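# Structural overview
This is what each chain is made of:
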Amino acid sequence: MFRAARKLPVMKTLLTIVLALMCGSTAAHSLCSGGGLRVFPHGSTIGSHPIFVLEGYAKSQKVITGLNKAYSIYLNSGKSKVRLMVRNVYIGQYRLTQALLYPEAELEVGQQYTLQIDSLPHGEHLTRYNHAKDEYGPVTYNVVAANDDQSPILSSRPEEVGKTLENPGCGPVSSVAFSNPAIDESEVIVMTTVKNLSSGKETTYLILPDSNKIRVGHGMCSGAFTFDDTLEYEVEFTFMDAAGNITPWSGERIRFTKPTKETE
């Protein structure tokens, strides 16, 4: 018992040293991928007037800022190409950038379109996981005759439901979770604006809800929002579906404090 008890601090010290060496070297980012592109909507069907959100992580952020400049982006049905126009670019606070896109022309119902980007840099790929085939493949959408003109309906007002503060590796996970009351026939993404009440700085980013929660913050490798020494913040949410219908925020913003105690 005595010898085992003496070994625990030694093992803990060795683990701390190993993590410090890993996190202090360029090899640290082997714990995180070097880049990647992610697309909204996640599903395989869209209407004829959809919106898209393309997100770039780490080195892939330069693809987002270069859309329709260095990198043309469009939908290809095989018989026609429909260019995607950049409506807005949102820059996250921790290694994330995204573009809100819309097609320059109406999509043809019954056609399947593949999302494509020309002249991608070496090592960049625009793919997504196909659960049915258990493999990665092209990003494709089937256009259906859906006339979605209904904005997301809110069953209640969002409210804070929890905080997370963890340190699983080379950096903390820090976020505040809010309830997601949006109800809609199609996928919903949340335009989230966070204000630092000390500096007055505001950041807006489009967040994909995690189940029934909207998580405001960041993970070990990336995130839309970071928290500095300021304790108090405020947030508002605008809900947008895959057809571009919007339910704007109304009333006062929600005040919240950053996580300060590690989650067990």
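As a starting point, this report considers the structure included with it.

### So, the pattern of salt bridges
- Evaluated as defined, the whole model comprises eight salt bridges.
- Between Lys79 and Glu108 there is a salt bridge, and its shortest N-O distance comes to 3.5 Å. With Lys79 in the loop between strand S4 (73-76) and strand S5 (81-91) and Glu108 in the loop between strand S6 (96-103) and strand S7 (112-117), this pair connects stretches of sequence that are 29 residues apart.
- The class for Lys79 is exposed, based on a relative accessible area of 58%.
- The closest approach of N and O atoms between Arg253 and Glu236, which form a salt bridge, is 2.9 Å. With a gap of 17 residues between them, Arg253 in the loop between strand S19 (246-247) and strand S20 (254-257) and Glu236 in strand S18 (residues 232-241) connect regions that are remote in the sequence.

### Remarks on the environment of Tyr129
- Looking at where Tyr129 falls in the secondary structure, it is placed in strand S8 (residues 128-130).
- For the pair Tyr129 and His42, spaced 87 residues apart in sequence, the C-alpha to C-alpha distance is 9.9 Å.
- Residues contacting Tyr129, with those up to four places away along its chain left out, are Asp134, Glu135 and Tyr136.

### Observations concerning the side chain of Asn76
- Structurally, the position occupied by Asn76 is in strand S4.
- Take Asn76: its relative accessible area is 17%, and that puts it in the buried class.
- A polar atom in the side chain of Asn76 sits 3.3 Å from the side chain of Gln116.

What counts as what
- Residues numbered from 1 in each chain as written.
- Predicted model: local features only at pLDDT ≥ 70, side-chain atom pairs only at ≥ 80, totals over all residues.
- Heavy atoms only, no water.
- Salt bridge = Lys/Arg side-chain N within 4 Å of Asp/Glu carboxyl O.
- Helix = DSSP H or I, 4+ residues; strand = E, 2+ residues; numbered from the N terminus.
- Buried < 20%, exposed > 50% of the residue type's maximum accessible area, 1.4 Å probe, protein only.
- Contact = heavy atoms within 4.5 Å.
- Polar contact = N/O pair within 3.5 Å; in protein donor to acceptor, adjacent residues only side chain to side chain.

By themselves, these are just geometric observations and shouldn't be taken as functional.
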